[in-house]
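What follows is each chain in one-letter form.
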Amino acid sequence: MKAISILGSTGSIGTQTLDVVRQHPDQFKVVALVTHRNIDLLEKQIAEFQPTIAGVVDEQAYAILKERYKGATEIVSGKEALSIAATLPEATMVVTAVVGAAGIEPTMAAIRAKKTIGLANKETLVACGSLITEAAEQYGVSILPIDSEHSAIFQCLEGQDRNNVEKLIVTASGGALRNWKSEDLYGATAKDCLAHPTWNMGSKITIDSATLFNKGLEVIEAHWLFNFDYDRIDVVVHPQSIVHSMIQMKDGAILAQLGNPDMREPIQYAMTYPKRYPLQMEHLEFTKGLDLQFMAPRWDDFPALRLAFTVGKEGGYAPAVFNAANEMAVYALLDGKITYGHIYEIVSTVLSRMNNSVPTSIEDVLSMDAWARLEATKEIQRRSAC
Ligand code: NDP
Ligand code: MG
């Protein structure tokens, strides 16, 4: 039986992870659940899964839960809750389903505690790529991808001689603005960006999908997970999100992994790897007819993707700054302070001010992350004042 800690249990990935657990109660036991502040849902999850500990990062929400909860689960608070859950002795696997750079410290803590990582929180790998992959190697820890594209590539690569693989082909839905006219994009609002055509996800990643920052983050994520140079990673827009990603072999053969867009499938594969178990979800049926389209990304209208390749190749702190500035800009968009066009402007302006070098610790990355957030905040204020 695998003992699972879920960081971000009340979110889109967290709740779907719990659904996988629900489908296989004899295979998985939940030992820790952590949320930011959604204590109502957390309380229901505690009642159902009876974890050893439950964490609430927000102190006010923690105080309310602590007051009213009378059960056996130990309730912990603050940012430390994430690291406590990530290193809980009885946990064998940690599913990182928090959003953004909040995942950096607990993911590193989990690796040092030799927990298998089910990685949804791509921002951590983007910001700390070499530090995380080196630590995983040093501690003999597997990082199993939950992101659907990376799960697909991971599955396609299984059993292949890596020397025979020419390139990775990452698919992108294109997000909510895929068909927007170039001249309308700049002013697109949070509401416009949140109307994702195929996936039902948390708000940050849904905005990132609309701007293609998500695909950019995923290119960097793929680089670190699979150790492929950036010029061997391609992106293709595939609006149906049925082909989750592909690999091209040196003889031209292309291997793909397909399925309906349902995150429980890659989540479960990370949790059961190398085994497979049945999963109740709507399975793909070719006989019902499939209309699959593929096209090149609109590089100039969605410039975040090109920028991701640039910062990925540049390395050092650049991906961490790219990520932190984007996070701030996304939350400003969600708050109605800025529009689509501002996000790229803010991120590229912050990047242009960075003094790049090579981080030697996650503390280095976190201080650069904090600097990038301050710079991004100034840029947001300049634009929202207009
Ligand atoms: P959601 O916003 O739906 O959920 C985020 C979860 O993390 C919630 O439980 C939230 O708590 C908690 N959380 C947020 N911030 C903090 C914090 N600072 N400290 C502790 N907990 C926090 O996000 P998603 O599930 O969509 O995404 C999670 C991660 O998975 C992201 O990195 C995303 O890129 C990645 N991912 C998501 C996919 C998806 O389909 N959703 C697909 C592939 C990757 P609360 O509910 O209290 O706010
Ligand atoms: Mg993805």
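Our structure's up above, just so we're on the same page.
The structure displayed is predicted, hence computed values, not measured ones.

Run through the coordination of the magnesium ion (ligand 2), naming residues and quoting values.
Binding of the magnesium ion (ligand 2) to the protein goes through Asp147 (OD), Glu149 (OE) and Glu218 (OE), at separations of 2.1 to 2.2 Å. Counting residues between consecutive donors of the magnesium ion (ligand 2) along the chain gives the motif D-x1-E-x68-E. The exposure class assigned to Asp147 is buried, which follows from its relative accessible area of 7%.

If you had to explain the packing of aromatic side chains to someone new, which residues and values would you point to?
Throughout the structure, instances matching the rule amount to seven aromatic pairs. Geometrically, the ring pair formed by Phe302 and Tyr340 is edge-to-face, given 6.0 Å between the ring centres and 75 degrees between the ring planes. Here Phe302, found in the loop between α13 (264-272) and α14 (304-314), pairs with Tyr340, found in helix α16 (residues 340-352); they are 38 residues apart in sequence, far enough to count as distant. The same class applies to Phe302 and to Tyr340, which are both buried. Among the aromatic residues, those joined into a ring-pair cluster are Phe154, Tyr269 and Tyr273. For Arg276, the ring lying beneath its charged end belongs to Tyr269, and the centroid distance is 4.2 Å.

Explain the sheet that holds strand β6 (residues 116-119) to me, and be specific about the residues and the numbers.
Spatially, β4-β3-β2-β1-β5-β6-β7 is the arrangement adopted by the seven strands of the open sheet, whose pairing is parallel. For this open sheet the edge positions go to β4 (74-77) and β7 (143-145), each flanked by a neighbour on one side alone. Strand-to-strand, the axes of this sheet are offset by a mean angle of 25 degrees, without reference to chain direction. Relative to β4, strand β3 (residues 53-56) is paired through four bridges, and the arrangement is parallel. Following the sheet pairing, Ala54 is matched in β4 by Ile75.

I'd like to hear about the nonpolar core, residue by residue, with values.
Phe322 and Leu351 are the most contacted members of the largest nonpolar core, which totals 92 residues. At nine residues, the largest contribution of residues to this core is made by helix α15 (residues 318-334). Not counting chain neighbours up to four residues away, the residues in contact with Phe322 comprise Phe213, Leu217, Ile220, Ala304, Leu307, Ala308, Val311, Val347 and Leu351. If you look at the next biggest cluster of nonpolar residues, it comprises 35 residues, including Val98, Ile104, Leu125 and Leu131.

Would you mind going over the site of ligand 1 in detail, with residue names and values included?
In the vicinity of ligand 1 there are 25 residues, among which Thr10, Thr35, Arg37, Asn38 and Glu123 approach most closely. Gly202 is positioned with one of its backbone polar atoms (N or O) 2.9 Å from an oxygen atom of ligand 1. For ligand 1, the accessible surface in isolation is 890 Å², of which the surrounding protein chains cover 86%.

Tell me about the side chain of Thr107, and please be specific about residues and values.
Along the chain, Thr107 turns up in helix α5 (residues 104-112). Assessed through its relative accessible area of 1%, Thr107 is described here as buried. A polar side-chain atom of Thr107 sits 2.5 Å from the main-chain carbonyl oxygen of Gly103. Setting aside residues no more than four positions away along its own chain, Thr107 makes contact with Thr96, Ile117, Thr124 and Ile132.

Go over the packing of helix α11 (residues 203-211) against helix α12 (residues 213-226) with me, naming the residues and quoting the values.
Where α11 meets α12, the axes come as close as 5 Å, and the angle between the chain directions of the two elements is 95 degrees. Considering their axes alone, α11 and α12 lie roughly perpendicular with respect to each other. Residues Lys204, Ile205, Asp208, Ser209 and Thr211 of α11 form the contact with α12, whose own contacting residues are Phe213, Asn214 and Leu217. Broken down by class, the residue content of the contact of α11 with α12 amounts to three nonpolar, three polar and two charged.

Describe the pattern of salt bridges, and please don't skip the residues or the numbers.
If you walk through the whole model with that rule in mind, you get 26 salt bridges. Close ionic contact of Arg298 with Asp301 constitutes a salt bridge, the shortest N to O distance being 2.8 Å.

How would you sum up helix α3 (residues 59-68)? Please name residues and give values.
All buried positions along α3 are accounted for by Ala61, Tyr62 and Leu65. For α3, the angular spread of buried residues about the axis comes to 100 degrees, placing them on one side. Pointing more than 90 degrees away from the buried face of α3 are the exposed residues Gln60 and Glu67. Looking at the buried positions of α3, the neighbouring elements they touch are α2 (39-49), β3 and β4. Looking at where α3 begins, the residue whose side-chain oxygen comes 3.2 Å from the main-chain nitrogen of Gln60 is Asp58.

Residues and numbers for unusual backbone geometry, please.
Cis geometry marks the peptide bond from Tyr273 to Pro274; its omega dihedral reads 5 degrees. Secondary-structure assignment places Pro274 in the loop between α13 and α14. The phi torsion at Leu212 lies on the positive side, around 70 degrees, for a residue other than glycine. Unlike most non-glycine residues, Asn227 shows phi in positive territory, near 60 degrees. As for its position among the elements, Asn227 is in the loop between α12 and β9 (233-237). With relative accessibility at 63%, the residue Asn227 sits in the exposed group.

Which residues make up the environment of Leu212, and what values do they have?
With respect to the helices and strands, Leu212 occurs in the loop between α11 and α12. Taking the C-alpha atoms as reference, Leu212 lies 11 Å from Val235; in sequence the two are 23 residues apart. For Leu212, the contacting residues outside a window of four places in its chain are Gly174, Pro297, Phe302, Ala304 and Leu305.

So what about the pairing of strand β8 (residues 165-172)? Which residues, and what values?
Here β8 lies mainly inside the structure; six of its eight residues are buried. Where β8 meets strand β10 (residues 243-249), five bridges bridge the pair, whose relative direction is antiparallel. Residue pairing for β10: Val170 is matched across the bridge by Ser245. Across five bridges, the pairing between β8 and β9 is parallel. Note on β9: the bridge partner recorded for Ala172 is Val237.

Reading the values: rules and limits
Residues numbered from 1 in each chain as written. Chains lettered and ligands numbered in written order. Predicted model: local features only at pLDDT ≥ 70, side-chain atom pairs only at ≥ 80, totals over all residues. Heavy atoms only, no water. Donors = N, O, S within 2.8 Å, 3.2 Å for Na, K, Ca; no water. Buried < 20%, exposed > 50% of the residue type's maximum accessible area, 1.4 Å probe, protein only. Phe/Tyr/Trp six-rings, centres within 6.5 Å; stacked < 30°, edge-to-face > 60°. Helix = DSSP H or I, 4+ residues; strand = E, 2+ residues; numbered from the N terminus. Lys NZ or Arg CZ within 6 Å of the ring centre and 35° of its normal. Pairing = 2+ DSSP bridges. Axes fitted to C-alpha atoms, helices over the stretch in contact; angles between N-to-C directions. Core = buried A, V, L, I, M, F, W, Y, C linked by side-chain atoms within 4.5 Å. Contact = heavy atoms within 4.5 Å. Near = heavy atom within 4 Å. Polar contact = N/O pair within 3.5 Å; in protein donor to acceptor, adjacent residues only side chain to side chain. Areas by Shrake-Rupley, 256 points an atom, 1.4 Å probe, with all protein chains shown as cover. Parallel < 35°, antiparallel > 145°, perpendicular 65-115°, else oblique. Nonpolar A, V, L, I, M, F, W, Y, C, P; charged D, E, K, R; others polar. Salt bridge = Lys/Arg side-chain N within 4 Å of Asp/Glu carboxyl O. Arc of directions from axis to C-beta.

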